[in-house]
Amino acid sequence: MQLPPLYLERMARELGNAFPQFLHSYAEPHTAGLCANSLKISPSLLPELLPFINEVIPWCKAGFYYNNHINRPAKSPYYYAGLYYIQEPSAMLPAELLGPSPGERVLDLCAAPGGKTLQLAAQLKREGLLVANDIHPQRAKVLLKNLERYGVVNSIVCNETPSRLAQFFPRFFNKVLVDAPCSGEGMFRKEPDMAKHWNRQEVAKYVSWQREILEVVPQLLSPGGEIVYSTCTFNREENEEQIARFLAAHPEFKLLELKRLWPHEVKGEGHFAAKIKHTSPSEAVPQQKRYQKQETISNLSATAEAAVEEFSQQVWSNPLDWQNWLPDNGVLIERAGHILWESSLLPFWKGLKVLRSGWLLGTVEKGRFRPSPAFALGLPKEAVTLAKQKLDLNAQDEAQNALAIRYLRGETIQIEGQEWPKGWHLVAVNSYPLGWAKGPGDWLKNGFPPGWRWLDGEAE
């Protein structure tokens, strides 16, 4: 790999005697990792399903190394069931350092594609509120897809600038993660082409962006709250110097912890993270008006209620079972034919660019309820156990695993001698929900969304 001379000169000054070891790390293969989604499975149980993971990542108890030259974890029904996600090991540090507690109000300000957001969601345990934002529209769509695929239900996904968010969420969040856009020097080993575009002007551009973002964050943070600022780059301008500048401008904050992961010292591509705390006493967030009359929001209409009840009677023995799986501290609403659960912590947001304001359960079309993929993937294993209309496949059985893959490819499902009753069926693998399919007849019509399907030859 050819690295920019100015970059090498700077790193030699920065690292001194450790520079030869740092340089040698570029000759080593990059390390691969995955993180257990503890919203669905305990990290201690995941190695039973994936025997090729056995080494835990030191700074993330839910993270595991794997050999990406041999193993392909994205080619498994368990991956599509959202039991784990693939994430670079060093990138697991910032969310672990922030460490939100269940019930807190958390913002991931630069969230796409969502790996760190998923870690935060797992720490919240479906309690509190998670606002996931990305300023780039297409990246925000990827973020939404990932949160829905992994069963995150207490979130709102936005596509906004930090300053716009501050208008709607003033002094609102207990914890804020700023995984800032950066020059990406920690990605050179994994993506050598990035090194070709590195220059001093690019670094200066990112320094300016980072400073602008950090200046808004105090407006978003509640007194006593905490920030983690992180990058996947190595230079001090984007890291220590940004933190020093922020603390000098905001004496009400103090540095709690600063961590560096270097690729010559750990199994990872490298990361920087700093944890900062607002030193004023905590205070209650002012109550904001939840809804306004000009927004068409209601509890379910009679038509929607009847449609949801008909669906529930099809799928579960007790049609009220599904309500037990809605998180506490929320409201079930109907908006323009969409049925959602929203957190009651969410303030009035009309005017924000919001891709999703909660857990989308489904839509009502011509008096019929159509369940969403996000509804299935947000359900617990108990929902599969109690379902009377379901297809629960065992991935440990070769034939059933092949059938699960067929479902994930979007194909119709047929089992010799099997007749499927009318209505929706919950499809699962080893009792972990995957999605929906629809009868009646001797085959099931596939309800797995096209943009989520298993693609042969897909890169991991």
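Counting of residues starts from 1 at the beginning of each chain's written sequence and follows it residue by residue. Restriction of local features to residues with pLDDT of at least 70 applies here, the model being predicted, together with a cutoff of 80 or more for giving and counting side-chain atom pairs; totals for whole chains, interfaces and linings are based on all residues. Hydrogens and water molecules were not included; the side-chain quantities draw on all heavy atoms of the structure.

**Re the overall build of the protein chain**
When its secondary structure is counted, the protein chain shows 15 helices and 19 strands. Its C-alpha atoms give the protein chain a radius of gyration of 23 Å, near enough to 23 Å, the size a compact globule of 460 residues would have. Taken along the three principal axes of its C-alpha coordinates, the protein chain extends 70 × 55 × 35 Å. The burial tally for the protein chain puts 56% of its 460 residues in the buried class. Think of it this way: any DSSP run of H or I at least four residues long counts as a helix, any run of E at least two long counts as a strand, and we number them from the N terminus. Within these notes, the globule rule equals 2.2 Å times the number of residues to the 0.38 power, and the radius of gyration is based on C-alpha atoms. Burial classes: relative accessible area under 20% of the type maximum marks a residue as buried, over 50% as exposed, and values in between as partly exposed (1.4 Å probe, protein chains only).

**Re the packing of aromatic side chains**
What describes a pair of aromatic rings is the distance from one ring centre to the other and the angle between the planes of the rings. Whether two aromatic rings pair depends on their centres lying within 6.5 Å, for rings of Phe, Tyr and Trp, where Trp uses its six-membered ring; planes under 30 degrees apart make the pair stacked, over 60 edge-to-face, and the rest tilted. For the structure on display, the rule yields 27 aromatic pairs. Considering the side-chain rings of Phe311 and Phe375, the 6.2 Å spacing of their centres and the 45 degrees angle between planes classify their relative orientation as tilted. Taken as a pair, Phe311 in helix α12 (residues 302-315) and Phe375 in helix α13 (residues 373-377) lie far apart in primary sequence, 64 residues in all. Per residue, the accessibility class of Phe311 equals that of Phe375, and both read buried. Here the aromatic residues Phe311, Trp316, Trp325, Trp359, Phe369, Phe375 and Trp436 are joined through ring pairs into a cluster of three or more.

**Side note on the confidence of the model for the protein chain**
For the protein chain, per-residue confidence averages 93 on the pLDDT scale, and 95% of positions sit at 70 or higher. Per-residue confidence from the predictor is reported as pLDDT, a score between 0 and 100. Any two residues having at least one pair of non-hydrogen atoms within 4.5 Å are treated as being in contact. Predicted confidence for residues 289-297 stays below pLDDT 50, and this span has 25 contacts to residues more than four positions away or in other chains.

**Regarding the layout of surface pockets**
For each structure, a 1 Å grid was placed over the protein atoms alone; sets of points admitting a 1.4 Å probe that cannot get out are labelled cavities, open sets with protein on both sides within 12 Å along at least five of seven lines are labelled pockets, and lining residues have an atom within 4 Å of a point. Grid points are joined across faces, edges and corners, and a volume is the space filled by probe spheres set on the points. As a volume, the second largest pocket reaches approximately 360 Å³. Along the wall of the second largest pocket there are 21 residues; nearest its centre are Arg126, Trp325, Pro327, Gly378 and Pro380. Among the elements of the structure, β12 (338-343) and β18 (432-441) are those that each provide at least two residues to the lining of the second largest pocket. Gly counts as polar in this scheme, as do all residues outside two lists: the nonpolar Ala, Val, Leu, Ile, Met, Phe, Trp, Tyr, Cys and Pro, and the charged Asp, Glu, Lys and Arg. Class assignment for the residues of the lining of the second largest pocket results in 10 nonpolar, 6 polar and 5 charged.

**Some thoughts on the side chain of Glu226**
Note that Glu226 resides in strand β8 (residues 221-231). Within the local environment of Glu226, its side chain forms a polar contact with the side chain of Lys275, the two groups lying 3.4 Å apart. Not counting chain neighbours up to four residues away, the residues in contact with Glu226 comprise Leu98, Asn174, Lys175, Val176, Leu221, Leu256, Lys275, Ile276 and Lys277. A 3.5 Å cut-off defines polar contacts: any pair of N or O atoms within that distance qualifies, except that in protein one atom must be a possible hydrogen donor and the other a possible acceptor, and neighbouring residues in sequence count only when both atoms are side-chain atoms.

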